[in-house]
Amino acid sequence: MRALYTTDLSAASEAAIENETSLECLERIGIETIHLVTVVPSNVHAGMPGMDLEGRRQRALDRYQSVMEDAGFAVETHVVRGTPHRRINGIAGAVGADLTIAGSRGKSPLENRVIGSTTRNLARTTVVPLLITRIERETDEPELRREHLFRRMMYATDFSKNAERAFEAFSSLRHAAESTTLVHVESPKDTGVRADETDEPAARLDELAAQLEEWDIETEIDVRQGDPADEIIAAEDEFDATTILLGSRGRSRLRRLLLGSVSESVIARAAGNVYLVPPPRSA
């Protein structure tokens, strides 16, 4: 598997890249090759103060490359210019990435609730799964908010086709996950009328749990009522999840460009990491 690892070369990004446990988690889910990418925004010109941005960024990536190669990964670096999320998506497609990894940004308790613009745009437009890693707010020595990325997974599902697609990510995540909580939230819009008992959310979650338990993942289910985003965030806190796995919505070429409101709210508000699975390219 190939991962595209985006970095803005900040202290927070460096902390994430040099976190040995984080790299071990990536190896456990089958990542063998990492493409390190940094984007120089198109509105930053070489004639501006601090010229040779590409050269400085390449030297920084070379340092990161050494860290990752020492951890056993094959590594390629890319310093490109343009609109960050567009260039990142373009490279992900060109190299056949199976996963894009991006960090969230936050400098204060308030701003930590707001996802950075590049990561938000990636979440809205990515055509490959996106892992959003939470970094501690601005400190002298930033650290990943969660050291073990996939130890305690939480899978949120509305039983849609794309939620089913997100569940398929467990085929690789199972090699790193120790426990999982399966969550479904019944919103006030749900009718509550089902033609068959097997349509009950708990029964459907039990079926998924049985598959995970075959992989020796300790699993529990949780059916909630209320606002989906609010309840997913509450469940994350209750179960101390390290990563939330969920799908984004998209049923057409237009909708693929728009992140579902629940997904966007979860990404912005989650305390831990978020693993977002988009619709297939043809959706």
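Rules used in this analysis
Residues numbered from 1 in each chain as written. Predicted model: local features only at pLDDT ≥ 70, side-chain atom pairs only at ≥ 80, totals over all residues. Heavy atoms only, no water. Helix = DSSP H or I, 4+ residues; strand = E, 2+ residues; numbered from the N terminus. Buried < 20%, exposed > 50% of the residue type's maximum accessible area, 1.4 Å probe, protein only. Contact = heavy atoms within 4.5 Å. pLDDT = per-residue confidence, 0-100. Phe/Tyr/Trp six-rings, centres within 6.5 Å; stacked < 30°, edge-to-face > 60°. Lys NZ or Arg CZ within 6 Å of the ring centre and 35° of its normal. Pairing = 2+ DSSP bridges. Axes fitted to C-alpha atoms, helices over the stretch in contact; angles between N-to-C directions. Core = buried A, V, L, I, M, F, W, Y, C linked by side-chain atoms within 4.5 Å. Domains from an automatic or database assignment. Parallel < 35°, antiparallel > 145°, perpendicular 65-115°, else oblique. Left-handed = near helix turned anticlockwise from the far one by under 90°. Nonpolar A, V, L, I, M, F, W, Y, C, P; charged D, E, K, R; others polar.

A few words on the overall build of the chain. On a plain count of helices and strands, the chain comes out with 10 helices and 10 strands. The proportion of buried residues among the 283 residues of the chain is 50%. Restricting to contacts in the chain with at least 6 residues of sequence separation, those with at least 24 account for 76%.

A positive phi angle, close to 65°, is found at Asp216, a residue other than glycine. You can call Asp216 exposed: its relative accessible area is 69%. Positive phi outside glycine occurs at Asp240, with the angle close to 55°. Mapped onto the secondary structure, Asp240 falls in the loop between α9 (228–239) and β9 (243–247).

Let us look at the confidence of the model for the chain. Per-residue confidence for the chain gives a mean pLDDT of 80; residues scoring 70 or more make up 74%. When the criterion is pLDDT under 50, residues 106–115 qualifies, and its contacts beyond four places in sequence or with other chains add up to 22 contacts. Scored below 50 in pLDDT, residues 193–198 shows 7 contacts in the model against residues more than four places distant or in partner chains.

Turning our eyes to something else, we now look at the packing of aromatic side chains. Applying the stated criterion to the full structure yields 3 aromatic pairs. Judged by centre distance (6.2 Å) and plane angle (80°), the rings of Tyr155 and Phe170 are edge-to-face. Of this pair, Tyr155 sits in strand β6 (residues 152–156) while Phe170 sits in helix α7 (residues 170–173); the two residues are 15 residues apart in sequence, bridging distant segments of the chain. Each member of the pair, Tyr155 as well as Phe170, is classed as buried. Here the guanidinium or amino end of Arg204 rests over the ring plane of Phe159, the centre of that ring lying 4.2 Å away.

The subject of this paragraph is the sheet that holds β9. The strand order across the open sheet built from 10 strands is β3-β2-β1-β4-β5-β10-β9-β6-β7-β8, with neighbouring strands paired in mixed fashion. In this open sheet, the two strands that pair with only one neighbour each are β3 (74–82) and β8 (218–225). Strand-to-strand twist across the sheet, computed as the mean angle between neighbouring axes with direction ignored, equals 20°. Pairing analysis gives 3 bridges linking strand β5 (residues 130–133) to strand β10 (residues 273–277), with the strands arranged antiparallel. In the sheet register, Leu131 faces β10, and the bridge partner there is Tyr275. In the packing of helix α4 (residues 84–95) onto the sheet, contacts are made with β1 (2–6), β2 (33–41), β3 and β4 (99–103), and the angle to β3 comes to roughly 140°. Relative to β8, α9 is tilted by about 145°, and along the sheet it contacts β6, β7 (179–186), β8 and β9.

It is characteristic of soluble globular proteins that their nonpolar side chains tend to be buried jointly. Grouped together as the largest cluster of nonpolar side chains are 39 residues, with contacts concentrated most on Leu26, Phe150, Tyr155, Leu173, Leu245 and Tyr275. Counting residues per element, this core draws most heavily on helix α8 (residues 201–214), at 4 residues. Mapped onto the domain boundaries, this core takes at least three residues apiece from domain 1 (2–144) and domain 2 (152–251 + 261–271). Val80, Ile91, Val95 and Ala241 belong to the second-largest nonpolar core, a separate cluster that totals 33 residues.

For any two helices packed against each other, the geometry comes down to the angle between their axes and how far apart the axes lie. Axis separation between α4 and helix α5 (residues 117–125) bottoms out at 9 Å; the angle between their running directions is 45°. When the interaxial angle is binned, α4 and α5 end up oblique. Considering only the axes of α4 and α5, their crossing is right-handed. From α4, Pro84, His85, Ile88 and Asn89 reach across to α5, where they touch Thr118, Asn121, Leu122 and Thr125. Here the residues of the contact of α4 with α5 are counted per class, giving 3 nonpolar, 5 polar and no charged.

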